[in-house]
Amino acid sequence: MTDLAISEATRADIPAMAKVVADWEASLPWMKNSYDAQKIARFLYAAFDERQIFVTGDTANAYIAYDEATQRIGGLYSAVTGAGVGKALVDKVKEGRDFICLYTHIPNEAAQKFYRREGFVVVEQCEQETPDAIPELRMEWRK
């Protein structure tokens, strides 16, 4: 059974969070810039104090990072799919808010379908500046 208990992340959760992201990136044929878990952990440590981050699981098996200043979900990653984990994390971020935005990769059709179910709408396509970057969609949710 999947643990849907949500808690605020601690720095001790970062290695498990980084592994979730690294495993996800490595599984995708369209992901051009996959990083190993150590590099991702460094990114997470650097941004930790600037984000509100929630995790699920005794050992973090999913997390969502939210930037209050930009009203943006900076990442939602889960090692578990189809068990309500992503929905629970998005619902947690929606609490008390009227607006949230996020970016998702265009090839990530599963994420787009999920976000649409959660009430997000596509507002623009964003071409990336670097030649190896993956184009993204900006999506927004309003209460």
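## Let's talk about the overall build of the protein
- Check the secondary structure of the protein and you find 4 helices and 7 strands.
- Overall, the protein shows an N-to-C arrangement of helices and strands of β-α-α-β-β-β-α-β-α-β-β.
- Here the protein has a C-alpha radius of gyration of 14 Å; the compact-globule value for 143 residues is 15 Å, and the two agree.
- Reported as C-alpha extents along the three principal axes, the dimensions of the protein are approximately 35 × 35 × 30 Å.
- Counting only residues that meet the buried cut, the protein has 45% of its 143 residues in that class.
- For the protein, the accessible surface area stands at approximately 8100 Å², while carbon and sulfur atoms represent 49% of it.
- Each charge sign in the protein was given a centre, from 17 positive and 22 negative side chains, and these centres are 3 Å apart.

## Observations regarding the environment of Val93
- Secondary-structure assignment places Val93 in helix H3 (residues 85–94).
- The exposure class assigned to Val93 is buried, which follows from its relative accessible area of 0%.
- Through-space distance from the C-alpha of Val93 to that of Ile53 is 9.2 Å; in sequence the pair is 40 residues apart.
- Those residues in contact with Val93, other than ones at most four positions away along the chain, are Phe54, Ile64, Tyr66, Ile73 and Ile100.

## Looking at helix H1 (residues 14–26)
- Look at H1: 18 Å from first C-alpha to last across 13 residues, which is about the 18 Å you get at 1.5 Å a residue.
- For H1, the set of buried residues is Ile14, Ala16, Met17, Ala18, Val20, Val21, Ala22 and Glu25.
- Along its buried surface, H1 packs onto helix H2 (37–47), strand S2 (52–56), strand S3 (62–67) and strand S4 (72–78).

## Topic: the state of the cysteines
- Throughout the structure, instances matching the rule amount to 0 disulfides.
- Counting only cysteine sulfurs, Cys126 is the nearest neighbor of Cys101, a cysteine outside any disulfide, at a range of 10 Å.

## Regarding the sheet that holds S3
- Strand order in the open sheet formed by 7 strands is S1-S2-S3-S4-S5-S7-S6, with mixed pairing between adjacent strands. This sheet does not close on itself; its edge strands, each paired only once, are strand S1 (6–8) and strand S6 (121–126). Each neighbouring strand pair of the sheet contributes to a mean axis angle of 25°, computed without reference to strand direction.
- Of the strands in this sheet, S2, S3, S4 and strand S5 (99–105) touch H1, which is tilted by about 80° from S4.
- Strand contacts of helix H4 (residues 109–117): S4, S5, S6 and strand S7 (136–142), with the helix running at about 165° to S5, the strand carrying the most contacts.

The rules behind the values
Residues numbered from 1 in each chain as written. Predicted model: local features only at pLDDT ≥ 70, side-chain atom pairs only at ≥ 80, totals over all residues. Heavy atoms only, no water. Helix = DSSP H or I, 4+ residues; strand = E, 2+ residues; numbered from the N terminus. Rg over C-alpha atoms; globule rule 2.2 N^0.38 Å. Buried < 20%, exposed > 50% of the residue type's maximum accessible area, 1.4 Å probe, protein only. Areas by Shrake-Rupley, 256 points an atom, 1.4 Å probe, with all protein chains shown as cover. Lys, Arg positive; Asp, Glu negative; His and termini not counted. Charge placed at Lys NZ, Arg CZ, Asp CG, Glu CD. Contact = heavy atoms within 4.5 Å. Expected span 1.5 Å × (residues − 1). Disulfide = S-S within 2.5 Å. Pairing = 2+ DSSP bridges. Axes fitted to C-alpha atoms, helices over the stretch in contact; angles between N-to-C directions.

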